[in-house]
Amino acid sequence: MLHRKKTNTLLFYALTAVAYYLLVCQYIRNIDDYGYPFMVNETGYRAPITSWADAIRSQCAAYFIDNGRFLIHVVVHRLTSLTSIVPYCLLSTAMFLLLVEGIGRLARPGGTLTSVERLIALFLTVALNTHPGDTLFSNVAFTLNYMWVGTAIVWFLLLYRRMERRGGPCGLWRGIGLFTAGLVCGSLQESYSLGVAGW
């Protein structure tokens, strides 16, 4: 019985991963995909981004003039600057699987999910998304800014619920860790633009 459950789980994730990968690799580049591969400075875009260091420097400037979502936009800068879309497609596939699993665990706390519950979580992830074409199967900027961030927030909620269920005081280091994780997950969200707000 346990072997059959593991096989069903692996089959579910394999089929979902292949289907998602094939869909996400079909995206059409749009304006964001042409702007993000270039560094930002006070006067606008300039040299192409060729490394993680370029992406970080660009976001240091953009944090105060364009957008305050530093961490996620460093990744957007770097992934849009790559010639191949394969790394983006593979990473987005992994994030989509994590999102489906996270939504399933949020909906059914405790224990492992059954195959039917995973199918329901997949359905909920896609069908109840207001713009699945934009946020789940779209270009690099949209998918990272919405689906990847949503995945991080869902898993933060799962971590928070797990800590809450333990009961009693959480302890200094766990409290600091949870607070930091909350700030990092919150900083990825679009409405958080402290740099622009303070400028």
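Calculation notes
- In every chain, residue numbers begin from 1 and rise along the written sequence.
- Side-chain atom pairs in this predicted model are given and counted only at pLDDT of 80 or more, local residue features only at pLDDT of at least 70, and totals for whole chains, interfaces and linings cover all residues.
- The basis for every side-chain value is the complete set of heavy atoms in the structure, and neither hydrogens nor water enter the calculation.
- Helix numbers and strand numbers start at the N terminus; a helix is a DSSP run of H or I with at least 4 residues, a strand a run of E with at least 2.
- Helix span, expected: 1.5 Å multiplied by one less than the number of residues in the helix.
- Think of it in three bands: residues with accessible area under 20% of the maximum for their type are buried, residues over 50% are exposed, and the middle band is partly exposed, with areas taken using a 1.4 Å probe on protein chains only.
- What makes a salt bridge here is a side-chain nitrogen of Lys or Arg within 4 Å of a carboxyl oxygen of Asp or Glu, nothing more.
- Note: pLDDT gives the predictor's confidence per residue, expressed from 0 to 100.
- Residues count as neighbours in contact if any of their non-hydrogen atoms are within 4.5 Å of one another.

### Things to note about helix H5 (residues 86-107)
- Helix length check: H5 (22 residues) gives 32 Å between terminal C-alpha atoms against 32 Å at 1.5 Å per residue, within 8%.
- Buried residues of H5: Tyr-88, Cys-89, Ser-92, Thr-93, Phe-96, Leu-97, Leu-99, Val-100, Glu-101, Gly-102 and Gly-104, and no others.

### Section: the pattern of salt bridges
- Scanning the model with the defined rule gives four salt bridges in all.
- A salt bridge links Arg-105 to Glu-101; its shortest N-O distance comes to 3.0 Å. Of the two residues, Arg-105 and Glu-101 are both situated in helix H5; the distance of four residues between them amounts to about one turn of the helix.
- Its relative accessible area of 38% is what places Arg-105 among the partly exposed residues.
- A cluster of three or more residues bridged by salt bridges with shared partners is formed by Glu-101, Arg-105 and Arg-118.

### Describing the confidence of the model for the chain
- In the predicted model, the chain carries a mean pLDDT of 81, and the fraction of residues at 70 or more is 89%.
- Within the chain, helix H10 (residues 194-198) has the poorest average pLDDT of any element, 42, and H5 the best, 92.
- Note that pLDDT drops below 50 for residues 193-199; the model gives that stretch 12 contacts with residues more than four away or on any other chain.

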